[in-house]
Amino acid sequence: MRRVTLTQFLIEQQRAGRITADLRLLIEVVARAVKAISVNVSKGALAGVLGEAGTDNVQGEAQKKLDVIANEILLQANEWGGHLAAMASEEVETVHQIPFDYPKGGFLLLFDPLDGSSNIDVNISVGTIFSVLRNPPGGEQPTEASFLQPGREQVAAGYAVYGPSTQFVLTVGQGVHAFTLDREMGSFIYTHPFMSIPEETREYAINASNARFWEKPVQRYIDELQQGKTGPRGVDFNMRWVASMVSDVHRILTRGGIFMYPLDEKCRDKGGKLRLMYEANPMAMLVEQAGGAATTGRERILDVQPRELHQRVPVILGSKAEVERVTEYHRET
Ligand code: P6P
């Protein structure tokens, strides 16, 4: 079968009028950057890139060397192309402006350069998440306010998952499409057209060690799943928790499931655990584009009006019937 590359896929999207040349360039540059990140991740101990960087990020979390490397790769890859007005990263407190000697474009790029990096040192899959917004008109020098747009305004979203294979998963608003890295050719090959999340599932993902902190609707929902065929659901369920959002979401895009990092007593004062702008929003766009649903438990994630760049939100996403059920339980309380 003829192999279609990411480049050919994007040229065909542009030819069909679904994306502009600048958005095509943006996605190609991000894809090239994640290839470089994949090379660093796969070298691990051989490249001296494991362990702590000795610095903390804006979240106050100890940075891994690879967090810093991945962040630098993405910033440097995207600065010169002329497709961006500015960038925002989980690893950088403020808006990253395009250096004055480079041209600017109309898009804002946001990313979590290495999500799940606590898994790096134990050789478990991690990923890169990105989100693309339009720079509001008149925003010559974008500020944090330029980025504070609801997730429904995203023009593209995607992630790379650095697993047994490196896959690049993308939506430009016309379904979800995945590409697998052919390391010999250095090309992303189109392997998963129109990924789709089954409406029903028998698999859930949540960090069960937080059970005593959950709100009542979540406790009720998980309790019913754990009762299996002896309880009100009448069937048994399976649990998975990779502690790497990209890996858990990729499993759900591939075979269904529900992923939950709900509001709990531990993270209530921060508003949640996961970040809205460069984790929840891009994943919510992908999940909805694949026929799933994504809510905070109380509202659609893509409708949340951001208040600040590194804002956190509760996240419940995946198979639509299950997300709707647990969201309904929240309404009943
Ligand atoms: P916990 C990784 O640190 C992350 O941001 C997500 O990728 C992941 O789903 C979650 O946090 C894991 O959190 O509390 O289980 O370690």
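Here is what the cut-offs are and how they apply
- Residues numbered from 1 in each chain as written.
- Predicted model: local features only at pLDDT ≥ 70, side-chain atom pairs only at ≥ 80, totals over all residues.
- Heavy atoms only, no water.
- UniProt positions renumbered as here; feature names shortened; annotations may be inferred.
- Phe/Tyr/Trp six-rings, centres within 6.5 Å; stacked < 30°, edge-to-face > 60°.
- Helix = DSSP H or I, 4+ residues; strand = E, 2+ residues; numbered from the N terminus.
- Lys NZ or Arg CZ within 6 Å of the ring centre and 35° of its normal.
- Buried < 20%, exposed > 50% of the residue type's maximum accessible area, 1.4 Å probe, protein only.
- Contact = heavy atoms within 4.5 Å.

Going by an unreviewed UniProt entry, the protein carries the name Fructose-1,6-bisphosphatase class 1 and comes from Thauera propionica. Per UniProt, the protein carries the Subunit (unreviewed entry) text "Homotetramer." Turning to the protein, the UniProt annotation filed under Sequence similarities (unreviewed entry) states: "Belongs to the FBPase class 1 family."

K.L.:
What is the right way to look at the packing of aromatic side chains in this model?
P.N.:
Aromatic rings considered in pairs are described by the distance between their centres and by the relative angle of their planes. In the structure shown here, the tally under the stated rule is eight aromatic pairs. With a centroid separation of 5.7 Å and an interplanar angle of 15°, the aromatic rings of Phe-130 and Phe-168 are classed as stacked. Of this pair, Phe-130 sits in strand β6 (residues 126-134) while Phe-168 sits in strand β8 (residues 166-171); the two residues are 38 residues apart in sequence, bridging distant segments of the chain. Joined through ring pairs, the aromatic side chains of Phe-9, Phe-179 and Tyr-190 make up one cluster. The lysine or arginine in question, Arg-220, covers the ring of Tyr-329, its NZ or CZ lying 3.6 Å from the ring centre.

K.L.:
Would you mind going over the UniProt feature "binding site: Mg(2+) 1" (unreviewed entry) in the protein with me for this structure?
P.N.:
UniProt's entry tags Glu-90, Asp-112 and Leu-114 with the feature "binding site: Mg(2+) 1" (unreviewed entry), counted in the numbering of this structure. A maximum C-alpha distance of 9.0 Å is found for the annotated residues, which run over 25 residues; spatially they form one tight group. The topology assignment puts Glu-90 in the loop between β3 (84-89) and β4 (96-97). According to the relative accessible area criterion, Glu-90 is buried, its value standing at 5%. The residues contacting Glu-90, other than those within four sequence positions of it, are Asn-57, Val-58, Gln-59, Glu-61, Phe-111, Asp-112, Pro-113, Arg-275, Tyr-278, Glu-279 and His-310. Tracing the backbone shows Leu-114 in strand β5 (residues 107-115). Since its relative accessible area comes to 2%, Leu-114 is described here as buried.

K.L.:
Looking at this structure, I do not really get the environment of Gly-271. What am I missing?
P.N.:
With respect to the secondary-structure elements, Gly-271 resides in the loop between β13 (258-261) and β14 (274-275). The exposure class assigned to Gly-271 is partly exposed, which follows from its relative accessible area of 25%. C-alpha of Gly-271 to C-alpha of Thr-55: the two residues are 216 residues apart in sequence and 25 Å apart in space. Not counting residues up to four positions away in its chain, the partners in contact with Gly-271 are Leu-263, Arg-312, Val-313 and Pro-314.

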